[in-house]
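Structural description and commentary
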Amino acid sequence: MSSLCHTSAVLVFFMALAVGVGAQQSNERSCDVIGDESSESQMERALLKKLEPLSQMRFNVTVEKGKTENYVYHFRVCREVNSTLHDFGGLVQTDRQNGKTTVIGRINETQVFNGSDWIMLIYKGGDSYGRHCSGEKRRAVIMISCKRGVTASSFSIISEEREKEQECFYLFEMDSSVACPAEDSHLSVGSILLITFASLIAVYIIGGFLYQRLVVGAKGMEQFPHFAFWQDLGNLVADGCDFVCRSKPRNAPAAYRGVGDDQLGEESEERDDHLLPM
């Protein structure tokens, strides 16, 4: 009995854990475009929806410059890197030497726009630069380029612009198929007509076969629709070609004359009896 109770308790524990994880995923914060909700354009909403397949993925890149800089950058698309902190951090830098974390950009201050084959995602409102860039807040710029057949790959940091007085930023890039434009159909008009014609032929043959077999009760070759017509089609085509392509009229006299009985003449009445010896 105790074993049964133990098994039941374990099952209840795992069910509760699964429910908790599912609830945590559903309660994760997503991107909030800068400005009032009513001011978000249809294009921004469409781009955020287009990026949704990447939201469950995590991206990391390590940067090491000598002995002074050794960082790991953690990135998520429209989700918090660490949802338990509730800091809206969408791109976070971790110093591998002392474990210090710095929020580069937050998902509650998001900008998004696109081109023909790229999407640019910007997280603003990061932690202050301190002595760099007049102490302004950090921001992360992520360039997502089109690469068909790949959900996401090649996440890397390109540069950090922090020597300016204002508008400093971290620039990252990655490849993903979500940034690709919709592929146009390559079927020409002739191909479409050919497919339509083939489909109609298939419907005619299959439908006619079923009708002849199930309704008319035909057997053998008679099940083929309009069998008599198709059987005689070759003769009809031959007659048509003979009629159209004939080089001379039908009633033209022949180019030669046959040897008739009238040309042979009558048998001579003269006999050679007088040449015989008496």
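Note: the structure precedes this text.
Presented here is a report on the structure given in the accompanying data block. Throughout, residues of each chain are indexed from 1 in the direction in which the sequence is written. At least 70 in pLDDT is required for a residue's local features to be given in this predicted model, at least 80 for side-chain atom pairs to be given and counted, and no such filter applies to totals for whole chains, interfaces and linings, which use all residues. Water and hydrogen atoms were dropped before computing side-chain values, which therefore reflect all heavy atoms in the structure.

1. Details of the overall build of the protein
Helix and strand labels come from DSSP, where a helix needs a run of H or I of at least four residues and a strand needs a run of E of at least two; each type is numbered from the N terminus. Counting its regular elements, the protein contains five helices and eight strands. Helices and strands in the protein line up, N terminus first, as α-α-β-β-β-β-β-β-β-β-α-α-α. Each of the 278 residues in the protein was classed as buried or not, and the buried ones make up 26%. Here the contacts in the protein between residues at least 6 apart in sequence split such that 49% fall between residues at least 24 apart. Of the roughly 19,700 Å² of accessible surface on the protein, 57% is carried by carbon and sulfur atoms. Type-normalised accessible area, obtained with a 1.4 Å probe on protein chains alone, sets the label of each residue: buried when under 20%, exposed when over 50%, and partly exposed for intermediate values. In this analysis, two residues are considered to be in contact whenever any of their non-hydrogen atoms come within 4.5 Å of each other. All accessible-area figures derive from a Shrake-Rupley calculation using a 1.4 Å probe, and residue coverage is judged against the displayed protein chains alone.

2. Quick look at the pattern of salt bridges
By salt bridge we mean one thing: a side-chain nitrogen of Lys or Arg within 4 Å of a carboxyl oxygen of Asp or Glu. One pass over the full model with this rule turns up eight salt bridges. With a shortest N-O distance of 2.8 Å, Glu52 and Arg79 are connected by a salt bridge. Of the two residues, Glu52 is situated in the loop between helix H2 (42–50) and strand E1 (58–65) and Arg79 in the loop between strand E2 (69–76) and strand E3 (89–95); the sequence distance between them amounts to 27 residues. Of the residues examined, Glu52 reaches a relative accessible area of 37% and is grouped as partly exposed. For Arg162, the salt bridge goes to Glu160, with nearest N and O atoms at 3.7 Å. With relative accessibility at 26%, the residue Arg162 sits in the partly exposed group. With relative accessibility at 25%, the residue Glu160 sits in the partly exposed group.

3. Things to note about the packing of aromatic side chains
Note on aromatic pairs: the rings of Phe, Tyr and Trp (six-membered ring only in Trp) are paired at centre separations within 6.5 Å, and the planes decide the class, stacked below 30 degrees, edge-to-face beyond 60, tilted for the rest. Tallied over the full model, the rule gives 10 aromatic pairs. With a centroid separation of 6.1 Å and 50° between ring planes, the pair formed by Phe75 and Tyr123 is classed as tilted. Taken together, the positions of Phe75 in strand E2 and Tyr123 in strand E5 (residues 118–125) put the pair 48 residues apart, joining distant regions of the chain. Here Phe75 falls in the buried class, since its relative accessible area comes to 1%. For Tyr123, a relative accessible area of 0% translates into the label buried. Charge over a ring is defined by NZ of Lys or CZ of Arg lying within 6 Å of the ring centre and within 35 degrees of the ring normal. If you follow Arg138 out to its NZ or CZ, it ends over the ring of Tyr129, 4.8 Å from the centre.

4. What about the sheet that holds strand E7 (residues 153–161)?
Judged by pairing direction, the sheet is mixed, and its eight strands sit side by side in the order E1-E2-E3-E4-E5-E6-E8-E7 without closing on themselves. Edge positions in the open sheet fall to E1 and E7, since each of these has one partner strand only. Here the average twist between neighbouring strands, direction ignored, is 25°. Strand direction decides the pairing type here: E5 and strand E6 (residues 140–146), joined by six bridges, are antiparallel. Note that in E6 the partner of Ile122 across the bridge is Val141. Paired strands, as defined in this entry, are two strands with at least two bridges between them according to DSSP. A fitted line through C-alpha atoms represents every axis, and for helices the fit uses only the stretch in contact; the resulting angles, taken between N-to-C directions, go from 0 to 180 degrees.

5. A closer look at the nonpolar core
Residues grouped as a nonpolar core are buried Ala, Val, Leu, Ile, Met, Phe, Trp, Tyr and Cys residues, joined through side-chain atoms within 4.5 Å. Leu51, Tyr73, Phe75, Leu91, Tyr123 and Ile142 are the most contacted members of the largest nonpolar core, which totals 34 residues. Among the secondary structure elements, those contributing two or more residues to this core are H2, E1, E2, strand E4 (101–114), E5, E6 and strand E8 (169–176).

6. A closer look at the state of the cysteines
By definition, a disulfide links the sulfur atoms of two cysteines through a covalent bond. Note on terminology: disulfide denotes any pair of cysteine sulfur atoms within 2.5 Å. Counted according to the given criterion, the structure contains three disulfides. With a sulfur-sulfur separation of 2.1 Å, Cys31 is cross-linked through a disulfide to Cys78. Disulfide Cys31-Cys78: the torsion about the S-S bond is -100°, which places it as left-handed. Taken together, the residues Cys31 in the loop between helix H1 (2–26) and H2 and Cys78 in the loop between E2 and E3 connect sequence positions 47 residues apart. On the basis of relative accessibility, which here comes to 13%, the residue Cys31 falls in the buried class. Here Cys146 engages in a disulfide with Cys180; their sulfurs sit 1.9 Å apart. Here the disulfide of Cys146 and Cys180 is right-handed, its torsion about the S-S bond being about 100°. Of the two residues, Cys146 is situated in strand E6 and Cys180 in the loop between E8 and helix H3 (189–216); the sequence distance between them amounts to 34 residues. Of the residues examined, Cys146 reaches a relative accessible area of 27% and is grouped as partly exposed.

7. Brief notes about helix H4 (residues 227–245)
Here H4 spans 28 Å end to end across 19 residues, near enough to the 27 Å set by a 1.5 Å rise per residue. Note on bend: the value at a residue is the angle between axes fitted to the seven residues ending there and to the seven starting there. Along H4, the sharpest kink reaches roughly 40°, centred on Leu233. Residue count minus one, scaled by 1.5 Å, sets the expected span of a helix.

8. So, the layout of surface pockets
As a volume, the largest pocket reaches approximately 310 Å³. Put simply, the grid is 1 Å and covers the protein atoms alone, a cavity is a trapped set of points that fit a 1.4 Å probe, a pocket is an open set with protein on both sides within 12 Å along at least five of seven lines, and lining residues have an atom within 4 Å of a point. Around the largest pocket, the lining comprises 15 residues; the ones closest to its centre are Tyr71, Gln93, Lys100, Arg138 and Arg162. Counting only elements with at least two residues in the lining of the largest pocket, the list comes to E2 and E3. Split by residue class, the lining of the largest pocket holds three nonpolar, five polar and seven charged. Grid points are joined across faces, edges and corners, and a volume is the space filled by probe spheres set on the points. Side-chain classes are defined by residue name, with Ala, Val, Leu, Ile, Met, Phe, Trp, Tyr, Cys and Pro counting as nonpolar, Asp, Glu, Lys and Arg as charged, and the others, Gly among them, as polar.

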